[in-house]
Amino acid sequence: MVTSTTSTTKIRAFTKQLASLEYEAAVHAISKRNARHAANGIQIDSDENAYWEIILKGVKVLDLATLPKGASRGPLDGISAAEKIATENFMKRAGFGTSAENQRKCRGFWKALFDIRKAGVEMITCYRTAEFTQYCKKYPKRSDISLVDAIVSWEKVYGPQMDQLEGRVFEYRKGDFSGKSRLMQKHVAERVQVVESSWNDAFNEWYSSDEEAAFKLATTVKAASFKSLASLFSDRANTHQHWNKAIFISLLPHGDKCLTVSPIIPVLPGDFLGIYSGVVRFSDIASNLHAIPGPEPKLWLDYSQNTGTLNQMLVSKHIADANVHLRWEAVNE
């Protein structure tokens, strides 16, 4: 059971209890606590988006006639004397440091968040980083493009991709790596005419048990891992040899009829981007039109009846340059 407390006595007791657990139970407890800590961090950052709205409510309960005469002094930052006092009151009660410099930075940033969200920005403010916060705080006041307009332009480009990523995270947590939810996206459905059962980002099935048996008798290929292909989607995420970037691959519209496979974070050589959907065959290649030869004679991937995210890429000729390399790897299925 994962609990939160401010009691130092209970905190120390929990640590002693954690140390007494068997390995699996202890790892599970740590994993749950870390997940809750990450969620709390996101919630705290998200709550900060509402601080200025709360401060404005604090302005309404102020007796304006009692404001100090010097309250209007200070830089002309577009924030009224009442808002400055309400900000200070809020910070005192919420436990923030109230030095003059910290008040100035906080009220400027909180007001900026309010204006950004009012302009329709949701995803970026929800998942903002420390770098984003610093960018906003240091943004030049005299700029050809206002901070709000700059962030709105980012939201138009990255907001939909972040929304898609959010959905994929929920699917991965449920153990669903098929990617079939992509077909529910309007721009994908308009450009890819395929039945849901033919879409698969999770694994490559054998065409038949006979061909699978024949392959195993004819070759000595061993699995690179004792785990299933689905397990590799998670296991690759924390190794130095491969980084799992599959979840960060999006499908974006390209013209009226095509899609482009686009990573939303940088991709480096050796990164794992997912699987190329198809059926594994062990036979003479029927047609080169929808076939990818394997590392062994007569082994090939037939993608004539299946498709997936990576299948939306253009296929280069064998001697042509390409920025993605398909590699066969034996796994335990």
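Keep in mind that what you see is a predicted model, and the values were worked out from it rather than measured.

Conventions adopted
Residues numbered from 1 in each chain as written. Predicted model: local features only at pLDDT ≥ 70, side-chain atom pairs only at ≥ 80, totals over all residues. Heavy atoms only, no water. Helix = DSSP H or I, 4+ residues; strand = E, 2+ residues; numbered from the N terminus. Buried < 20%, exposed > 50% of the residue type's maximum accessible area, 1.4 Å probe, protein only. Polar contact = N/O pair within 3.5 Å; in protein donor to acceptor, adjacent residues only side chain to side chain. Lys, Arg positive; Asp, Glu negative; His and termini not counted. Salt bridge = Lys/Arg side-chain N within 4 Å of Asp/Glu carboxyl O. Contact = heavy atoms within 4.5 Å. Phe/Tyr/Trp six-rings, centres within 6.5 Å; stacked < 30°, edge-to-face > 60°. Core = buried A, V, L, I, M, F, W, Y, C linked by side-chain atoms within 4.5 Å.

> Account for the environment of Asn204, naming residues and giving values.
For Asn204, the position within the fold is in the loop between α9 (186-189) and β1 (205-206). Looking at Asn204, the relative accessible area reads 27%, which means it is partly exposed. In terms of polar contacts, Asn204 uses its side chain to reach the backbone carbonyl oxygen of Tyr276, at 3.0 Å.

> A description of the side chain of Arg168 should follow, citing residues and the corresponding values.
Position of Arg168 relative to the elements: it lies in helix α8 (residues 147-173). One buried charged residue, Arg168, remains without a salt bridge, the closest side chain of opposite sign being Glu171 at 6.6 Å.

> Could you give an account of the side chain of Arg191, naming the residues involved and the relevant values?
If you trace the backbone, Arg191 turns up in the loop between α9 and β1. Among the polar contacts made by the side chain of Arg191, one reaches the main-chain carbonyl oxygen of Cys258 at a distance of 3.2 Å. Residues in contact with Arg191, not counting those within four places in the same chain, are Pro253, His254, Gly255, Asp256, Lys257, Cys258 and Leu259.

> Describe the packing of aromatic side chains, naming the residues involved and giving the relevant values.
Under the criterion given, the structure shown has 13 aromatic pairs. With a centroid separation of 5.2 Å and an interplanar angle of 55°, the aromatic rings of Tyr51 and Phe90 are classed as tilted. Residue Tyr51 is located in helix α3 (residues 51-60), and its partner Phe90 is located in helix α4 (residues 81-94); the two are separated by 39 residues in the primary sequence. Both residues of the pair, Tyr51 and Phe90, count as buried. Ring geometry for Tyr135 and Trp154: centres 5.1 Å apart, planes at 45°, overall tilted. Taken together, the positions of Tyr135 in helix α7 (residues 130-137) and Trp154 in helix α8 put the pair 19 residues apart, joining distant regions of the chain.

> Go over the nonpolar core with me, naming the residues and quoting the values.
If you look at soluble globular proteins, the nonpolar side chains tend to sit buried side by side. The biggest cluster of nonpolar side chains holds 27 residues, and the ones touching the most others in it are Trp110, Leu147 and Ile151. When residues of this core are traced back to their parent elements, those giving at least two are α3, α4, α5 (100-118), α6 (123-126), α7 and α8. Broken down by element, this core gets its largest block of residues, seven residues, from α5. In contact with Leu147, not counting residues within four places along its chain, are Ala112, Ile116, Tyr135, Cys136 and Tyr139. Counting residues in hydrophobic clusters, the runner-up holds eleven residues, among them Ile249, Ile292, Leu299 and Tyr303.

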